Amino acid sequence: MCGITGMLVRDGLDDRDRQEVDALSELMARRGPDDAGVWDDGAVCALGFRRLSIIDLSAGGHQPMESGDRQHVLLFNGEIYNYRELRRELEALGCTFRSTSDTEVVLQALVVWGTDALARLNGMFAIAWYRRGDQRLLLARDPVGIKPLSWWWSPQAFVFGSQYDQVIRHRRCDRADVDPQVLGLYLRLGFIPAPYGLHTGTGQVEPGHWLSVRPGEAPTTGSFRSMAVVPPPEERLYGREADEAVARTVEEAVARQMVADVPVGVFLSGGVDSPLVTAAMRDHVDGPLRAFSIGTDDQVSDESAAAGVYAQHFEVDHHLRIITGLDAMALVDDVAQAYTEPFGDYSSFPTLMVSALAAEHGKVVLSGDGGDELFWGYPRFAKVRAARRWFGLPRSARVAAYAATKPLPVHRRPARGIMFPSLGAWYLDAHSGLRDEDLDAFAPDLVAVPASMDLFDLEGLPTDDQLLQWVRQNELRCHLPMVLQKVDRASMFHSLEVRVPLLDLELLDLAARVDPSAALDGPLGKIVLRKALAQRIPTEKIPVAKKGFTVPMARWLREDLRPVFEERVLSPDSFPAGAFDRQALRTWFDGHLSGRYDRTRGLWNLLALQLWAERHCRPLPASGAEVH
């Protein structure tokens with residue numbers, strides 16, 4: 001796990017460019033405290049690197065890494081879990097290696113196979129590959145989007161980095177030039193999905209895509225691996241066949257992702273996914289296996305007791321830290337510093353806490369992220385599915401039916417979501433912290449969703465199977481990137497690598513073949529994962545629903561954070577200049593303060609944007625010092 005950055009300039013590098021790459025590298029020092037390196041070709045390309053040593057702890061893994069003929073240079077952030085198999089293939093083709101690192105395998109693979117090598121990499125990665133012969137820089141990002149990779153382009157220069165602040169803090173970027181469509185998208189979703197960037201000219205490499213650029217030329221992009229296509233029903237896995245295939249593939253994925261030259265621990269919650277990962281790890285660790293959990297003094301959200309049951313059953317070295325709302329409140333500054341792009345999901349607080357705990361004991365952990373998205377684990381799936389048939393009626397009929405049933409008990413009424421124009425519009429609303437009417441109230445010039453975004457396009461009445469496949473794809477393309485962004489920034493703030501075996505490419509491909517009937521039982525999802533876990537622990541010890549620890553943000557915004565919000569968001573110089581009607585926003589905020597409305601998500605999205613701008617949306621110091 002590392003951090004990468006660099007630039008490609010049209011008119012030739014100068015000393016200021018080289019100093020700037022040094023400074024951009026310092027911005028990501030927490031991503032790689034073990035080693036640093038810079039390189040330039042003396043002409044148009046300069047690269048910077050920070051290393052967190054996980055595989056091949058020697059100097060053999062140093063980057064930027066050059067090929068033997070010095071014509072190819074690689075920056076690599078991440079881990080490749082099948083690198084040993086690829087190395088054997090390359091050796092059979094005559095390649096020789098100077099190290100045992102996966103970085104050199106990636107470099108040799110690119111030299112031998114070109115961009116075809118990308119689809120053969122099973123892992124999490126962000127890559128920058130520079131070819132001196134034609135002065136071409138190629139960026140690539142893993143098919144799930146686990147590792148980040150941002151960029152900025154103008155005809156004069158191209159800048160990229162593992163952190164968004166790197167691409168906007170260089171001297172050429174106009175930090176006042178904010179794209180109003182992307183700003184509206186952030187305020188609505190609470191994060192910015194790829195390929196968008198908040199500032200004009202910026203973006204993110206999309207998962208499973210490459211981006212190629214030469215000095216002075218506009219970037220071009222292409223896909224090297226997409227999510228597996230769902231086969232027709234007769235070719236899918238059902239029942240016991242699905243159960244056995246998923247259990248086996250989870251075991252294999254965990255074993256693959258434990259490859260490291262340092263000890264590997266695990267995040268352990270009271271749910272299903274991380275205990276399943278922990279159980280599979282137990283088979284491959286002879287000595288102590290360290291597991292890390294966060295508990296809270298709030299009984300409604302605390303699941304430390306369930307995590308403790310799992311820890312005892314699997315005989316792990318359990319590290320549990322109980323925290324309070326006041327403990328979390330003290331982390332506001334750290335959260336703002338850790339998230340180097342606007343990010344509004346306040347579950348970042350506990351994620352930062354558990355990352356800090358794990359980093360006290362090691363460099364690498366496995367997590368259970370991805371199970372809910374792959375196997376229909378979220379409760380919202382069942383809610384939308386139950387209301388699907390209503391969308392066979394005209395919207396006017398649905399609105400009338402909802403009004404007519406309002407006197408009935410809640411369990412007998414249809415969901416309020418049937419009044420949305422389409423199922424896609426309802427699903428967008430479910431992911432939204434701010435809605436159209438909110439933006440209309442205090443930021444009428446902003447567009448909530450860019451016209452180019454098709455993630456929530458679902459019209460008419462899909463079949464039950466079509467709906468379930470659509471919601472899974474939507475979660476993988478929209479919600480999962482937010483989860484991965486949250487975990488990456490929090491963990492790397494503490495120089496901790498988090499691996500996600502449930503998002504291993506072989507398991508992703510298998511999940512596409514599992515029929516929904518094998519994963520859903522009424523409102524309960526992830527049945528295949530629950531059955532895999534039940535092979536390891538008595539079923540009665542597996543909770544039906546995961547609580548999920550969060551923070552009392554609604555109360556904080558009414559009390560502790562109220563003066564902070566008023567000072568930062570309602571001030572005349574709030575970011576970006578002129579975007580918000582402050583008086584209308586004051587009225588909107590008052591609705592939350594009074595208790596009439598719960599506007600927690602939208603308000604934190606706004607405050608998080610201001611805290612981010614103060615810390616990250618500013619130029620680099622001229623000397624390149626004190627940039628953290």
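Trainee: Just to check I follow, could you spell out unusual backbone geometry for this structure?
Mentor: Note: most residues except glycine have negative phi, and most peptide bonds are trans. In this structure, P64 follows Q63 across a cis peptide bond, with omega equal to -5 degrees. Mapped onto the elements of the fold, P64 is located in the loop between strand 3 (45–51) and strand 4 (65–66). Backbone torsion omega between F575 and P576 reads -15 degrees, so that peptide bond is classified as cis. Within the fold, P576 resides in the loop between helix 21 (562–568) and helix 22 (582–593). Notably, E315 is not glycine yet its phi reads approximately 55 degrees, a positive angle. By the secondary structure assignment, E315 is in the loop between helix 8 (304–314) and strand 15 (317–323). According to the relative accessible area criterion, E315 is exposed, its value standing at 64%. In this structure, K526 is a non-glycine residue whose phi angle is positive, near 60 degrees. Mapped onto the elements, K526 comes out in the loop between helix 18 (505–513) and helix 19 (527–534).

Trainee: Is there a simple way to think about the sheet that holds strand 1 (residues 2–9) in this case?
Mentor: In sheet architecture, strand pairing relies on hydrogen bonds along the backbone and comes in two forms, parallel and antiparallel. Here six strands make up an open sheet; going across it, the order is 2-3-1-9-8-10 and the pairing antiparallel. Where the open sheet ends on each side, the last strands, each with one partner, are strand 2 (35–40) and strand 10 (202–204). Strand-to-strand twist across the sheet, computed as the mean angle between neighbouring axes with direction ignored, equals 10 degrees. Sheet analysis places strand 8 (residues 150–153) next to strand 9 (residues 157–161), joined by four bridges and oriented antiparallel. Residue pairing in the sheet places S150 in a bridge with G161 of strand 9.

Trainee: In this structure, what is going on with the confidence of the model for the protein chain? I would like to understand it.
Mentor: In low-pLDDT segments, the atomic positions of the prediction should not be examined closely. When the pLDDT values of the protein chain are averaged, the result is 93; 97% of them are 70 or greater. Per-residue pLDDT stays below 50 along residues 623–628; that stretch engages in 12 contacts with residues further than four places along the chain or on separate chains.

Rules of the game
- Residues numbered from 1 in each chain as written.
- Predicted model: local features only at pLDDT ≥ 70, side-chain atom pairs only at ≥ 80, totals over all residues.
- Heavy atoms only, no water.
- Helix = DSSP H or I, 4+ residues; strand = E, 2+ residues; numbered from the N terminus.
- Buried < 20%, exposed > 50% of the residue type's maximum accessible area, 1.4 Å probe, protein only.
- Pairing = 2+ DSSP bridges.
- Axes fitted to C-alpha atoms, helices over the stretch in contact; angles between N-to-C directions.
- pLDDT = per-residue confidence, 0-100.
- Contact = heavy atoms within 4.5 Å.

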